[in-house]
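Structural features, examined
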Amino acid sequence: MDITVIQQHKNNFDAIVHTIIDNDEKTEVEVWFARELQTLLGYARWENFQVAIGRAIDACKAQSINVDDHFREVTKMVMLGSGSQRPITDYMLTRYACYLIAQNGDPKKEEIAFAQGYFAVQTRKAELIAEHIDQISRLETRDRLRASEKQLSRNIYERGVDDKGFGRIRSKGDTVLFGGHTTEDMKHRLGIKQTGRPLADFLPTLTIAAKNLATEMTNYNVEQKDLFGENAITVEHMDNNRSVRNMLGERGIRPEDLPPAEDIKKVERRVASNQKKIEKSSAKLPKQLPSQSEEK
């Protein structure tokens, strides 16, 4: 996500932050209201957003965290066109509650992807949000590649190819994608010293996505063309990797020349550690909510 877009989203999310006073703790607490958050997260209907809130509350309970510390149902009065007022249900949310709601949204939506980073980073600096979003994107892309390769392994096993054959097919696909460099060549080229680790664990997000696209194409065509046997599937997988490489080449991108990315296991550990800290670092809602006059 472009840093300019991130800054625009950040300004929008910053604009709906409210500060309330915890009279017991003598502190200020940042909170968000669900109906304002709903719009920024791209939910058109309140009923649909309530479902997302319900899932977030369930996730909070599953971690044995007191829901009332982070989610508080409140009633607001809204002005009708006739000039009269009517009460509506809303929720007062902590940063941790907002994070859980974002986690239960669709990460393909730009607003949701941003919100996951915005509420995960305590200082909410645009650069740190961008870094977190990039890390999550890489992890999700790597997970998609694992899933598509697992699906391919199942597909071709049913078509006469064993695990060793699958390894050969995948390796020949890599050789095409990386312009003649084998999987082992690329590990040496990128300085990967850990033996037995997949090459994809050290590739940038773009290259992982390229490998995934070629694998998904192979999965599709193996079924559509009813391919059988290692030779036929190898040719298909090589052709798909060649198509992806050509597409990248049209945009001036050579996969073998892209620099290595950080070991994805380190990224996974850092993101997991950060997620554990979010609830602890998020201020909790006061036991007694202040009057409206005490809100800022």
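Rules behind the numbers
- Residues numbered from 1 in each chain as written.
- Predicted model: local features only at pLDDT ≥ 70, side-chain atom pairs only at ≥ 80, totals over all residues.
- Heavy atoms only, no water.
- Phe/Tyr/Trp six-rings, centres within 6.5 Å; stacked < 30°, edge-to-face > 60°.
- Helix = DSSP H or I, 4+ residues; strand = E, 2+ residues; numbered from the N terminus.
- Buried < 20%, exposed > 50% of the residue type's maximum accessible area, 1.4 Å probe, protein only.
- Lys NZ or Arg CZ within 6 Å of the ring centre and 35° of its normal.
- Core = buried A, V, L, I, M, F, W, Y, C linked by side-chain atoms within 4.5 Å.
- Contact = heavy atoms within 4.5 Å.

What describes a pair of aromatic rings is the distance from one ring centre to the other and the angle between the planes of the rings. Under the counting rule described, the total for this entry stands at nine aromatic pairs. Here Phe13 and Phe119 contribute two aromatic rings whose centre-to-centre distance is 6.0 Å and whose plane-to-plane angle is 70°, an arrangement assigned as edge-to-face. Pair noted here: Phe13 is in helix H1 (residues 3-14) and Phe119 is in helix H5 (residues 110-120), with a separation of 106 residues, a long-range link. Per residue, the accessibility class of Phe13 equals that of Phe119, and both read buried. Aromatic side chains Tyr43 and Phe49 sit 5.0 Å apart centroid to centroid with 50° between the ring planes, which places their arrangement in the tilted category. The rings of Phe13, Trp32, Phe114, Tyr118 and Phe119 are connected pair by pair, giving a single aromatic cluster. Above the plane of the ring of Trp46 lies Arg35, whose end atom (NZ or CZ) is 4.0 Å from the centre.

We now examine unusual backbone geometry. What you tend to see is this: most non-glycine residues have negative phi, and most peptide bonds are trans. Of note in the backbone geometry, Ser64 takes a positive phi value of approximately 60° without being a glycine. One can find Ser64 in the loop between helix H3 (46-62) and strand E3 (71-79). Within the chain, Asp226 stands out as a residue other than glycine whose phi angle is a positive 55°. Along the polypeptide, Asp226 turns up in the loop between helix H9 (205-224) and helix H10 (230-250).

Right, let's get into the nonpolar core. One finds Leu37, Phe49, Phe71 and Ile101 to be the most contacted residues of the largest nonpolar core, which totals 41 residues. Sorting the residues of this core by element identifies H1, helix H2 (34-40), H3, strand E4 (85-93), helix H4 (95-103), H5 and helix H6 (126-157) as the ones contributing at least two each. Beyond its immediate sequence surroundings of up to four residues, Phe71 is in contact with Ile53, Ala56, Ile57, Cys60, Met92, Leu93, Ala97, Leu100, Ile101 and Leu285. Grouped together as the second largest cluster of nonpolar side chains are 15 residues, Leu145, Leu177, Leu199 and Ala210 included.

This next bit is on H5. Counted residue by residue, H5 has nine buried out of 11 residues, so it is predominantly covered. For H5, the complete set of buried residues consists of Ile112, Ala113, Phe114, Ala115, Gln116, Gly117, Tyr118, Phe119 and Ala120. Residues of H5 that are buried in the fold lie against H1, strand E2 (27-33), H2, H4, H6 and helix H11 (264-281).

Now for the environment of Glu184. Tracing the chain through its elements places Glu184 in helix H8 (residues 183-189). Expressed as a C-alpha distance, the spacing of Glu184 and Ser171, which sit 13 residues apart in the sequence, is 9.0 Å.

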